[in-house]
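Breakdown of the fold
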Amino acid sequence: MGIRSVFDAGEMRRELEKCGVDPDKFLPLVWKHVILKSNHHSDWDWQNHAPSLPSPAYSLLRSIPPLSSSLHSVFHSNDNVTSKLLIKLHNGAFVEAVIMRYDTRLGKYAGKPRPGGLRATLCISSQVGCKMGCKFCATGTMGFKSSLTSGEIVEQLVHASRFSQIRNVVFMGMGEPLNNYSAVVESIRVMTGLPFQLSLKRITVSTVGIIHAINKLHNDLPGLNLAVSLHAPAQDIRCQIMPAARAFPLQKLMASLQEYQRNSQQKILIEYIMLDGVNDEEQHAHQLGKLLETFQVVVNLIPFNSIGMLSQFKPTTEQKVSAFQKILRGTYNIRTTIRKQMGQDISGACGQLVVNVPDKSLGNAEPLTDIEDLFI
């Protein structure tokens, strides 16, 4: 049988049905017990810690641990806004997930501060390593190791929920989510059902532009937020910094995004990393504006985070980032934001996720605005 995780929903459903147990009724109950009693995983006994299940369910569960992964270590940024979780999988491999804490009141709704208070977003991994090989991304230096199961993806949320109440999930961690399409889709369906009950509107999947998968995404997960790691306004620059872009020509990618938007009627988040002298000149801003002017998008300009001696790039100056933003806003009326850097001191910032072990302590800082506000 070989079920790796109780959160591998598809396999668990099939096996429970074979046992004559209704998975719709009892599988969310199994998950709820695992989540609520996370402090007892080392001495777990299904009948003691998950009572009231049908007898055949225990026969199945006896060979499955409550979690297939373990929380190896946690690193907190000095400002206490970001926490990076180093998670050990059943096979000894590691993935990283990052919790980012925000203040709802710093966002705007109808021109006024949004009601509410603190909330947290979890940046989640879908693979160990990555095939895409983006030259500005630390994960790309690892190469591709393996894809996670849907359960291993969901378990990152389970681990993170011990530290913060997670409201949003972004698939922007290690790996290309749409290269692990089935597991990602299944994991999101688990997250939006009982007992997690996250809103699909608060889940974002980021992709370099896997066209055939984008074409399926709206039908499989209507209401999901899509983010595209564009990073350049022209195919030649994309290929220079993102080798995988050769398989996904920009013209075909934009056509698929046009179709996606026509079907979904939702804004698309465009991620654009600012690399000094590569893609950050005024001419690039105008090229990007013309490329996107027929779309409903939010452009998120991302300051480049150094990945140590391996990096061949330099970050763009704040002045050039601001000038780039002004062109997109002023000339093309495209909503454009600049991503606040978070978690650099624990290598938890955008593009820095590669398995390592920093040594940082807690500190204090003011909360920040969240990705959720970009889709308003």
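Just above, that's the structure.
For the structure given in this document, a descriptive report is provided here. Just so it is clear, the model here is predicted, and its values are computed rather than measured. (Residues numbered from 1 in each chain as written. Predicted model: local features only at pLDDT ≥ 70, side-chain atom pairs only at ≥ 80, totals over all residues. Heavy atoms only, no water.)

Observations regarding the overall build of the chain
Looking only at helices and strands, one finds 11 helices and 14 strands in the chain. Across the 376 residues of the chain, 57% fall into the buried class. Within the chain, counting contacts between residues at least 6 apart in sequence, those at least 24 apart form 68% of the total. (Helix = DSSP H or I, 4+ residues; strand = E, 2+ residues; numbered from the N terminus. Buried < 20%, exposed > 50% of the residue type's maximum accessible area, 1.4 Å probe, protein only. Contact = heavy atoms within 4.5 Å.)

What to know about the nonpolar core
Grouped together as the largest cluster of nonpolar side chains are 108 residues, with contacts concentrated most on F136, F171, M191 and V299. If you tally residues by element for this core, the top one is helix α6 (residues 181-192), at seven residues. When residues of this core are assigned to domains, at least three map to each of domain 1 (7-60) and domain 2 (68-344). With five residues, the next largest nonpolar core counts V98, M100, C123 and V170 among its residues. (Core = buried A, V, L, I, M, F, W, Y, C linked by side-chain atoms within 4.5 Å. Domains from an automatic or database assignment.)

Some details on the sheet that holds strand β14 (residues 335-338)
Pairing is mixed across the open sheet formed by 10 strands, whose spatial order is β1-β2-β3-β6-β9-β10-β11-β12-β13-β14. Strands at the two margins of the open sheet, each flanked by one partner only, are β1 (70-76) and β14. Taking each pair of neighbouring strands and ignoring which way they run, the sheet shows an average axis angle of 25°. (Pairing = 2+ DSSP bridges. Axes fitted to C-alpha atoms, helices over the stretch in contact; angles between N-to-C directions.)

What to know about the packing of aromatic side chains
For the coordinates displayed, the defined rule picks out five aromatic pairs. Centroid distance W44 to W46: 5.3 Å. Interplanar angle 85°. Geometry classified as edge-to-face. W46 carries the same exposure label as W44, and that label is buried. Relative to F313, the ring of F304 has its centre 6.2 Å away and its plane inclined at 85°; by these criteria the two rings are edge-to-face. (Phe/Tyr/Trp six-rings, centres within 6.5 Å; stacked < 30°, edge-to-face > 60°.)

Things to note about the pattern of salt bridges
Scanning the model with the defined rule gives nine salt bridges in all. Of the charged contacts, one joins R339 and E271 as a salt bridge, the two residues approaching to 3.2 Å between their closest N and O atoms. Placement of R339 in the segment after β14 and of E271 in strand β12 (residues 268-274) is noted, with a sequence separation of 68 residues between them. The residue E281 makes a salt bridge to K320 at a minimum N-O spacing of 3.1 Å. (Salt bridge = Lys/Arg side-chain N within 4 Å of Asp/Glu carboxyl O.)

Concerning the packing of helix α1 (residues 9-18) against helix α2 (residues 23-36)
The packing of two helices is summarised by the inter-axis angle and the distance between the axes. It is the contact of α1 with α2, at a shortest axis distance of 10 Å, that shows an interaxial angle of 125°. Comparing their axes, α2 and α1 come out oblique. Relative to α2, the crossing made by α1 is right-handed. Judged by residue contacts, A9, M12, R13, L16 and E17 of α1 engage P23, D24, L27 and W31 from α2. Residue composition of the contact of α1 with α2, grouped by class: six nonpolar, no polar and three charged. (Parallel < 35°, antiparallel > 145°, perpendicular 65-115°, else oblique. Left-handed = near helix turned anticlockwise from the far one by under 90°. Nonpolar A, V, L, I, M, F, W, Y, C, P; charged D, E, K, R; others polar.)

Concerning the pairing of strand β11 (residues 225-229)
Most of β11 sits out of view: five of its five residues are buried. Relative to β11, strand β10 (residues 203-207) is paired through four bridges, and the arrangement is parallel. Note on β11: the bridge partner recorded for T207 is V228. For the crossover that starts at β10, traverses helix α7 (residues 211-220) and ends in the parallel β11, the hand is right-handed. Sheet topology note: the β11/β12 ladder contains four bridges and is parallel. Bridge pairing links S229 to E271 in β12. (Right-handed = clockwise from strand over helix to strand, strands pointing away.)

Some remarks on the side chain of S164
On the secondary structure map, S164 appears in the loop between α5 (150-160) and β9 (166-171). If near-sequence neighbours (up to four positions away) are discounted, S164 is found in contact with I99, R101 and A120.

A short note on the packing of α5 against α6
In contact at an axis separation of 8 Å, α5 and α6 are set at 45° when each is read in the N-to-C sense. Put simply, α5 runs oblique to α6. The hand of the α5/α6 crossing is right-handed. Counted together, S150, I153, V154 and L157 of α5 and A183, V184, E186, S187, V190 and M191 of α6 form the full contact between these two elements.

Observations concerning the environment of L250
When you line up the elements, L250 lands in helix α9 (residues 250-264). Distance in space between the C-alpha atoms of L250 and C239 is 9.8 Å, their sequence separation being 11 residues. Those residues in contact with L250 that sit more than four places away from it in its chain are L230, P233, A234, Q235, R238 and L291.

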